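# Results of the structural survey
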Amino acid sequence: MGKSAFAAALLRRWIEADRLDAVVWLDQPTSAQAVLDHLTDHLLPEGVDLAARLHGFRLGLVLDDLAAFPSADLESLLRTLSSTTVILTHTVHLPLDVAHFTLRDLAPADAELLVRDLLQRHSAADLPDYRAIAAYCVDHVGGNPDALKALLLNWAFEDGAQLADRVLQHFFGRLFDSLPSAAQIAWCALALAPRLPWDALTDFAVPPLLRHHLADRHGADVLLSVNGARELIFRSTTPAVSAALADLIAALSTLSPPTIYPIAEHVLAANFPPLPIDQRIAWCRRFCFIGLERGRHGRWRAILEDLARHTQLDVHLRTLYGVILRRLGDWDAAQTVFLDAATELGRAGKFRDQAYVLLEWSIAVKYQGRYQHALDLIAQARRSRQLDADLRLRLTLLEAQILIEAGQGSRALQLLDALQLDSLHPDVSRVLMVQGEAYLALGDYAASRRHAEAALVTASRDLLTQVSLYTTIGRTYEGEGQLLVAESYLARVVSLLEQADDPYALARAQTNLAALLIKMRDQGLPRDHAAADARQLLTAAETTQTRLGDQVGLMTTRHNRSILHNT
């Protein structure tokens, strides 16, 4: 329903309820005086005062489409008409102390009905495929009824694309031009990424978009709620839109990367607005690692592969690409990337960077259960003459994790205890995390949980760290027989990993949760559908682990499946 139809429906309801004596409808009034003159001409005999006539007279007045009406004159007009029921319609928010109704874009089904009715009314020929036409119109100008009507009524007289651009400019471009620069930038940002955290927009001006009902706030997020407003940014070439997009790109190049990351990711993924190749490379180097911390591996694989079609990736981006491939389970391809990067860095004498690549490579080898090969890569990295303290620590932590998975938890603890980090050291949480894993492997559940919970207090907020710590805590409760508590942690891990692109970790988590559900069934705990849920989790994990070649994980998954079937 459009604005005019909504106003007519309100009037109809009031007339049926016998609340009005008369109705006056004015289309596109241009001034307060024109409104008063019209009322005088139609309601008053000569010599009667308008205010006196309206007092006690139940008049319904509609001022439909105030685009040409001076907004500064509205308040004084409404005071004059204080005894009258007045309905105002406009395409923008009016800052008046009155009741406001905001009509959203038509739903696709309603847009189809509007298009069908308009075509039936104006087409003498057979009714064309109105559904396809409606889809085209909504795609180009959104669900604004007036914009749809303008597009359809001029369909036969003008090129479709040019007409859509003109309609967008009429209904949204004028509003865009009237907003302050910071609000225009926020509009552009929300067009590129229709749902953004409020924090990502704090350097821009969102309130004007909320006042004009172009955007809505949902909890901590802001959404652009009008499709036509989004289409304007992608289709318009006006100086105002071009300048706002340029200002947005300039801001994204200087503001804090974690804050504005969601907008930057959308720019890189869609390549809109298009960036010069040097700037795309710089942005990839600036934002890729943040994306990996947030589990956005699939999106960054696409971004880097698209960039590689236009230029050769430097060794830094190729290394990150290898990490992405590893986390997506393409281990052989990842190792090829790491071998190439390590060779290039070694030839260039960049041994510190080479050691980092060897570390990432060893993780891929560890995933395949080739523990000795992984340890050999760590030993090779340690021989570098350019290691810094952070890299030495990372190599030690990875070696400890390999030892834990290889069943040598005591050796891992000895390695970690030798670090002797101060409690205030910035990396102490990483050490506590791996110590928790070692104690878990040794069956000391209390010590394991104590270390994991201590790490949780100060650990980074990246998804994989949270997953590792919740897994450890959940498995300590499982080891102590507190299965219902354990389920809450392990189910949370699966839920977190379902939001990330890390099939290896998700399959391992599914197996852990399935094993727990089997125990709960066998102990008769109150858990509905435990066996069915366990079977579903194991099937999903086995499918993934077979595809990845995760032999260690697959062996555990199949062992759990045999328990499920045999008990």
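The structure this text deals with has already been given above.
Calculation rules
- Residues numbered from 1 in each chain as written.
- Predicted model: local features only at pLDDT ≥ 70, side-chain atom pairs only at ≥ 80, totals over all residues.
- Heavy atoms only, no water.
- Helix = DSSP H or I, 4+ residues; strand = E, 2+ residues; numbered from the N terminus.
- Contact = heavy atoms within 4.5 Å.
- Areas by Shrake-Rupley, 256 points an atom, 1.4 Å probe, with all protein chains shown as cover.
- Pairing = 2+ DSSP bridges.
- Axes fitted to C-alpha atoms, helices over the stretch in contact; angles between N-to-C directions.
- Salt bridge = Lys/Arg side-chain N within 4 Å of Asp/Glu carboxyl O.
- Buried < 20%, exposed > 50% of the residue type's maximum accessible area, 1.4 Å probe, protein only.
- Core = buried A, V, L, I, M, F, W, Y, C linked by side-chain atoms within 4.5 Å.
- Expected span 1.5 Å × (residues − 1).
- Parallel < 35°, antiparallel > 145°, perpendicular 65-115°, else oblique.
- Left-handed = near helix turned anticlockwise from the far one by under 90°.
- Nonpolar A, V, L, I, M, F, W, Y, C, P; charged D, E, K, R; others polar.
- Disulfide = S-S within 2.5 Å.
- Phe/Tyr/Trp six-rings, centres within 6.5 Å; stacked < 30°, edge-to-face > 60°.
- Lys NZ or Arg CZ within 6 Å of the ring centre and 35° of its normal.

## Points about the overall build of the protein chain
Each helix and strand counted, the protein chain has 28 helices and six strands in total. Excluding contacts between residues fewer than 6 apart, the proportion of contacts in the protein chain whose partners are at least 24 apart in sequence is 60%. Surface accessibility of the protein chain: about 27,100 Å² in total, with carbon and sulfur atoms responsible for 52%.

## Observations regarding the sheet that holds strand E6 (residues 221-224)
On the basis of which strands lie adjacent, the open sheet formed by three strands has the order E4-E6-E5 and antiparallel pairing. Two strands in the sheet have a free side with no partner beyond their single neighbour: strand E4 (195-197) and strand E5 (215-218). The sheet shows a mean angle of 25° between the axes of neighbouring strands, direction not considered. Relative to E6, E4 runs antiparallel, the two being bridged by three bridges. Across the sheet, leucine 196 pairs through a bridge with valine 222, a residue of E6.

## Let's talk about the pattern of salt bridges
The tally for this structure, following the rule as stated, stands at 24 salt bridges. For arginine 195, the salt bridge identified is with aspartate 221, shortest N-O distance 2.9 Å. Of this pair, arginine 195 sits in strand E4 while aspartate 221 sits in strand E6; the two residues are 26 residues apart in sequence, bridging distant segments of the chain. Across the pair arginine 326 and glutamate 360 runs a salt bridge, and its minimum N-O distance is 2.6 Å. Here arginine 326 is found in helix H16 (residues 315-327), whereas its partner glutamate 360 is found in helix H18 (residues 351-367), with 34 residues between them in sequence. Both residues of the pair, arginine 326 and glutamate 360, count as buried.

## A look at the nonpolar core
Proteins that are soluble and globular tend to have nonpolar side chains buried together. Trp187 and Trp300 are the most contacted members of the largest nonpolar core, which totals 91 residues. No other element matches helix H9 (residues 181-192), which puts nine residues into this core. If near-sequence neighbours (up to four positions away) are discounted, tryptophan 187 is found in contact with Phe172, Leu175, Phe176, Leu179, Leu209, Leu214, Ala229, Leu232 and Ile233. Counting 32 residues, the second-largest nonpolar core is a separate cluster that includes Val428, Ala500, Leu513 and Ile518.

## Digging into the sheet that holds strand E2 (residues 59-64)
Read across the open sheet, the three strands follow the order E1-E2-E3; overall the sheet is parallel. On the outer flanks of this sheet lie strand E1 (22-27) and strand E3 (85-88), each paired with one strand and no other. If you compare each strand with its neighbour and ignore which way they point, the axes differ by 10° on average. Examined bridge by bridge, E1 and E2 share six bridges and lie parallel to one another.

## Here we look at helix H20 (residues 389-405)
Taking 1.5 Å as the rise per residue, H20 with 17 residues should run 24 Å; its terminal C-alpha atoms sit 25 Å apart, in good agreement. Along H20, the residues that are buried comprise Leu391, Leu393, Leu395, Thr396, Leu397, Leu398, Glu399, Ala400, Ile402, Leu403 and Ile404. The elements touched by buried residues of H20 are H18, helix H19 (371-382), helix H21 (409-417) and helix H22 (428-441).

## Observations regarding the packing of helix H26 (residues 503-522) against helix H28 (residues 551-566)
When two helices pack together, their arrangement is given by the angle between the helix axes and the distance between those axes. Where H26 meets H28, the closest approach of the two axes is 10 Å, and the angle between their N-to-C directions is 20°. Relative to H28, H26 is oriented roughly parallel. Along this stretch, H26 crosses H28, giving a crossing that reads as left-handed. Residues Arg508, Thr511, Ala515, Ile518 and Arg521 of H26 form the contact with H28, whose participating residues are Val552, Gly553, Thr556, Thr557, Asn560, Ile563 and Leu564. Its residues placed into classes, the contact of H26 with H28 shows five nonpolar, five polar and two charged.

## Here's the deal with unusual backbone geometry
Looking along the chain, the bond that leaves phenylalanine 272 and enters proline 273 is cis, with omega of -10°. Along the polypeptide, proline 273 turns up in the loop between helix H13 (257-270) and helix H14 (277-293). The phi dihedral of glutamine 28 falls on the positive side, at around 50°, and the residue is not glycine. Assignment of secondary structure puts glutamine 28 in the loop between E1 and helix H2 (32-43).

## Quick notes on the state of the cysteines
What the rule picks out here adds up to zero disulfides. Cysteine cysteine 284 remains unbridged, with the sulfur of cysteine 288 as its closest cysteine sulfur at 6.9 Å. Taking relative accessible area as the criterion, cysteine 288 reaches 0% and is therefore assigned buried.

## Quick notes on the packing of aromatic side chains
Scanning the entire structure with this criterion turns up nine aromatic pairs. Relative to tryptophan 187, the ring of phenylalanine 176 has its centre 5.0 Å away and its plane inclined at 70°; by these criteria the two rings are edge-to-face. With phenylalanine 176 in helix H8 (residues 160-178) and tryptophan 187 in helix H9, this residue pair connects regions lying eleven residues apart in the sequence. Since its relative accessible area comes to 0%, tryptophan 187 is described here as buried. Consider the rings of tryptophan 331 and tyrosine 367, whose centres lie 5.7 Å apart with planes at 45°: the pair is tilted. Taken together, the residues span a long stretch of sequence, with tryptophan 331 in helix H17 (residues 331-347) and tyrosine 367 in helix H18 at a distance of 36 residues. Take tryptophan 331: its relative accessible area is 2%, and that puts it in the buried class. The residue whose ring lies beneath arginine 217 is tryptophan 198, and the NZ or CZ to ring-centre distance is 3.8 Å. Between the NZ or CZ atom of arginine 449 and the centre of the ring of tyrosine 477, over which it lies, the distance is 4.2 Å.

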